[in-house]
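Chain residues, written in single-letter form:
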Amino acid sequence: MTPAVEFRGVSVRFGRTTALSPLDLTVARGETLAMLGPSGSGKSTALKALAGFVVPSTGRVLLDGEDVTALPPHRRGLGVVVQSYALFPHMRVEANVAFGLKARKTPRAETAGRVAEALELVGMGKYARRYPRELSGGQQQRVALARALAIRPRVLLLDEPLSALDAALREDMVAELLRLRAELPDTTLIYVTHDQGEALALADRIAVMRDSKLVELGPSRELYQRPSTEFTASFLGASNLIPVELIQADGTRVRLGDRELAADPSGTFRAGQPVALGVRPHRVGITAADAPGALPAVLRGVQWRGTGFRLDLEFAHDGNEVRAEVPDIDGLPNVGQRVGVSIPDGCPLVGVG
Ligand code: ADP
């Protein structure tokens, strides 16, 4: 099937700055793709090249197989929502939502129905006559979403749409977006964020961006469980990267202190390159110092996190640090005490440095 969106070698330079290195990326109809990466990694630039707000220095952008590189934004049929809701303050909600339809010269009779439909989709049907200043931040962002949906876009582009909202509201909005997603199965969604939680919750696939480049692309769960780069392992879920030695050159067995462990060589590493196990803090076990199979370590710090504790530990064999997250239990060891650390078999192995 023809992909909904294709980037073919799309790069963007501003003077001497490379904002986007040549990007090749295909997004299927109805798919949700998250572009995830730290600030300045080129996510928004990729989105702007797709929407037509910046002109690529090289490459082509295709929508449903059609080359739209030379088309102005309003001829691409995309819905766009950005961080700052950008509603017109002097217009009522209904006029804001109708804006894109007016620009496209949609007949008046049809406009009313489409506005009502879009507001219903985001649960804002009752607020059509309000002004933006009479709404909360979350409600304003819903209106911005309704405005983007009113034109019935084939592709919806969301650029950090929740960044301006507080944490509790962001979680509600993620739930809301998932509901919307289910109601619009044919709409393709591209979601730019630096928040790995939002990306994991919403996306079918995640494109990890760093320094203007796409560094890794894959189904969300796979990237989380089997990251193939050090960057993805640490950025997507804050893994420990525990230095180990290869016992087997293919990366299936490694040595950590005086232990041997099975590893999952998901990542790429060169012969002779240092390697590390990516271990999520909740998979690090704490035992008595003399428990069989445990690695001796010293507890360096404890932070209570409400649902449990974060423990900062130092391996006795090499002095490296490792972080554990354990449930809220009684009988935690004291800071400075010797404990045992257990690392499960099968953690992903990545090249470092
Ligand atoms: P992100 O969305 O990941 O935060 P951006 O795509 O906004 O990153 O930016 C990527 C790089 O391009 C950054 O170094 C940024 O400073 C630069 N950049 C973005 N837009 C412009 C512009 N209009 N002029 C000059 N440099 C820009």
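Sequence order as written defines residue numbering, which begins from 1 separately in each chain. The predicted nature of this model means local features are confined to residues of pLDDT at least 70 and side-chain atom pairs, given and counted, to a pLDDT of 80 or more, with totals for whole chains, interfaces and linings taken over all residues. As a rule here, side-chain values come from all non-hydrogen atoms in the structure, and water together with hydrogens is ignored.

As recorded by an unreviewed UniProt entry, the chain carries the name ABC-type quaternary amine transporter and is attributed to Amycolatopsis japonica.

Visitor: I'd like a description of the overall build of the chain, backed by residues and values.
Guide: Broken down by element type, the chain carries 8 helices and 20 strands. Each principal axis of the C-alpha atoms in the chain carries an extent, and together these give about 75 × 45 × 40 Å. Burial statistics for the chain: of 353 residues in total, 48% are counted as buried. Whether two residues are in contact is decided by their heavy atoms, any of which lying within 4.5 Å being enough. Of the contacts formed within the chain by residues at least 6 apart in sequence, a portion of 66% connects residues at least 24 apart. Surface summary for the chain: the accessible area is close to 16900 Å², and the carbon and sulfur share equals 51%. Only DSSP runs of H or I reaching four residues or more are called helices, and only runs of E reaching two or more are called strands; each is numbered from the N terminus. Between buried and exposed lies partly exposed: a residue is buried under 20% and exposed over 50% of the maximum accessible area for its type, with that area taken using a 1.4 Å probe on protein chains only. Note that accessible areas follow from Shrake-Rupley with a 1.4 Å probe, and for residues the cover is restricted to the protein chains shown.

Visitor: Residue-level account of the site of the ligand, with values.
Guide: Taken together, Phe-14, Ala-19, Pro-38, Ser-39, Gly-40, Ser-41, Gly-42, Lys-43, Ser-44 and Thr-45 make up the full set of residues adjacent to the ligand. For the ligand, the accessible surface in isolation is 560 Å², of which the surrounding protein chains cover 59%. With 3 residues, helix α1 (residues 43-51) is the single largest residue contributor to the shell around the ligand. Of the residues belonging to the shell around the ligand, the class tally is 3 nonpolar, 6 polar and 1 charged. Near residues are defined by distance, with any heavy atom within 4 Å of the molecule or strand qualifying the residue. Classification convention: Asp, Glu, Lys, Arg as charged; Ala, Val, Leu, Ile, Met, Phe, Trp, Tyr, Cys, Pro as nonpolar; all other residues, Gly among them, as polar.

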